[in-house]
Amino acid sequence: MNALELLLSRRSVSRLTTPVPAGDELQNILAAGMRAPDHGALRPWHFIVMQGEGIDKFSKLLEQAAINGEMGKDVAEKAKNAPYRAPMIITVIAKVVEHVKVPEWEQVVAAGCSVHAMQMAAVAQGFGGIWRSGSWTEDSTVRAGLGCEEHDKIVGFLYLGTPELKSPMKMPSPDLTDFVSYF
Ligand SMILES: Cc1cc2nc3c(=O)[nH]c(=O)nc-3n(C[C@H](O)[C@H](O)[C@H](O)COP(=O)(O)O)c2cc1C
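Cut-offs and rules
- Residues numbered from 1 in each chain as written.
- Predicted model: local features only at pLDDT ≥ 70, side-chain atom pairs only at ≥ 80, totals over all residues.
- Heavy atoms only, no water.
- UniProt positions renumbered as here; feature names shortened; annotations may be inferred.
- 1 Å grid on protein atoms, 1.4 Å probe; cavity = no way out; pocket = protein on both sides within 12 Å on 5 of 7 lines; lining within 4 Å.
- Helix = DSSP H or I, 4+ residues; strand = E, 2+ residues; numbered from the N terminus.
- Buried < 20%, exposed > 50% of the residue type's maximum accessible area, 1.4 Å probe, protein only.
- Contact = heavy atoms within 4.5 Å.
- Core = buried A, V, L, I, M, F, W, Y, C linked by side-chain atoms within 4.5 Å.
- Near = heavy atom within 4 Å.
- Polar contact = N/O pair within 3.5 Å; in protein donor to acceptor, adjacent residues only side chain to side chain.
- Areas by Shrake-Rupley, 256 points an atom, 1.4 Å probe, with all protein chains shown as cover.
- Nonpolar A, V, L, I, M, F, W, Y, C, P; charged D, E, K, R; others polar.
- Phe/Tyr/Trp six-rings, centres within 6.5 Å; stacked < 30°, edge-to-face > 60°.
- Lys NZ or Arg CZ within 6 Å of the ring centre and 35° of its normal.

Engineer: Kindly report on the UniProt feature "binding site: FMN" (unreviewed entry) in the protein chain, identifying the contributing residues and their values.
Structural biologist: UniProt's entry tags Arg10, Arg11, Ser12, Arg35, His39, Trp131, Arg132 and Ser133 with the feature "binding site: FMN" (unreviewed entry), counted in the numbering of this structure. For the annotated residues, spread through 124 residues, the largest C-alpha to C-alpha distance comes to 27.9 Å, inconsistent with a single compact locus. In the annotation above, Arg10 and Arg11 are the residues that line the second largest pocket. Position of Arg10 relative to the elements: it lies in the loop between α1 (3-9) and β1 (16-17). Residue class for Arg10 comes out partly exposed when judged on its relative accessible area of 31%. Among residues more than four places away in sequence, those in contact with Arg10 are His116, Gln119 and Met120. Here Arg11 shows up in the loop between α1 and β1. Under the relative-accessibility criterion, Arg11 is labelled partly exposed at 27%.

Given below as structure tokens:
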């Protein structure tokens, strides 16, 4: 797929199934994440790939977070089921460090760029995905379970797999008037 075509037509896909990216496909996705723009070459990110038992573990972790937070049975059930919306999840954590030239926000944005790059690399290889976040990114049980350190930020859970529906609806071209000016 042509790069411009990919960028102009890409859609997120929430209904995902197997097969998942494997072998070189997965390596390409991770390598694309590693090529995100990165002030100071800090590589301020960490990727956690979950599939199979990893998804089961993540499901238990979210359920435990709901229990620890006394969020009630319904929330715990929803939390437990959430990771099964895709057969693969890559959690992206911004590993924020103190730096004289690169403030925290730049490091978090760089980690965010890595999520998008990985999503696009998945689409380019025939897969689909959706970047999800939610309150779990700030939850202490989830953060501890994923090995977060004090200054780390979970910037997203990239759900990946094969789209269940072959052609997600195309978005109409946006009117740029309200979003662009020329100086
Ligand atoms: C940082 C970030 C967090 C997001 N979190 C969620 C989320 O938790 N749940 C969700 O349905 N979409 C979330 N989205 C939006 C989807 O990834 C997606 O962009 C949206 O559904 C629009 O679809 P599109 O990408 O095809 O335009 C998030 C996007 C970003 C950039």
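Engineer: For the UniProt feature "domain: Nitroreductase" (unreviewed entry) in the protein chain, give the residues involved together with the corresponding values.
Structural biologist: Under the UniProt annotation, "domain: Nitroreductase" (unreviewed entry) lies at residues 8-161. For residues 8-161, the helix share is 42%, the strand share is 19%, and the end-to-end C-alpha distance is 21 Å.

Engineer: Give me the nonpolar core: which residues, what numbers.
Structural biologist: By size, the foremost hydrophobic cluster in this structure holds 24 residues, and its most contacted members are Phe58, Trp136, Val142, Leu146, Phe157 and Tyr159. Breaking this core down by element, the ones donating at least two residues are β2 (45-51), α3 (53-68), α4 (73-81), β3 (88-94) and β5 (153-163). Here the element with the most residues in this core is α3; it accounts for six residues. Excluding residues that lie within four positions of it along the chain, Tyr159 makes contacts with Leu16, Ala82, Pro83, Arg85, Ala86, Met88, Ile89, Gly128, Gly129, Ile130 and Arg132. If you look at the next biggest cluster of nonpolar residues, it comprises 23 residues, including Ile29, Ala32, Val96 and Ala122.

Engineer: Explain the site of the ligand to me, using residue names and the numbers behind them.
Structural biologist: Inspection of the region around the ligand gives Arg10, Arg11, Ser12, Ile130, Trp131, Arg132, Ser133 and Gly134 as its neighbouring residues. In the environment of the ligand, an oxygen atom lies 2.7 Å from a nitrogen or oxygen atom belonging to the backbone of Trp131. In the complex, 54% of the free accessible area of the ligand, which totals 620 Å², lies under the protein chains. Across the shell around the ligand, the residue classes tally to two nonpolar, three polar and three charged.

Engineer: Just give me the short version of the packing of aromatic side chains, but keep the residues and values in it.
Structural biologist: Evaluated as defined, the whole model comprises two aromatic pairs. Ring plane angle 10 degrees and centroid distance 6.3 Å describe the contact between Trp45 and Phe47, whose orientation is recorded as stacked. When sorted by exposure, Trp45 lands in the same class as Phe47, which is buried. A centroid spacing of 5.3 Å and a plane angle of 45 degrees characterise the contact between Phe58 and Phe157, whose relative ring orientation is tilted. With Phe58 in helix α3 and Phe157 in strand β5, the pair connects residues that are 99 residues apart, well separated along the chain. Assigned by exposure class, Phe58 and Phe157 land together as buried. Over the face of the ring belonging to Tyr159 we find Arg132, whose NZ or CZ atom lies 5.1 Å from the ring centre.

Engineer: I'd like a rundown of the environment of Trp105, residues and numbers included.
Structural biologist: Mapped onto the secondary structure, Trp105 falls in helix α5 (residues 104-124). Placed 11 residues apart in sequence, Trp105 and Ala94 show a C-alpha to C-alpha distance of 10.0 Å.

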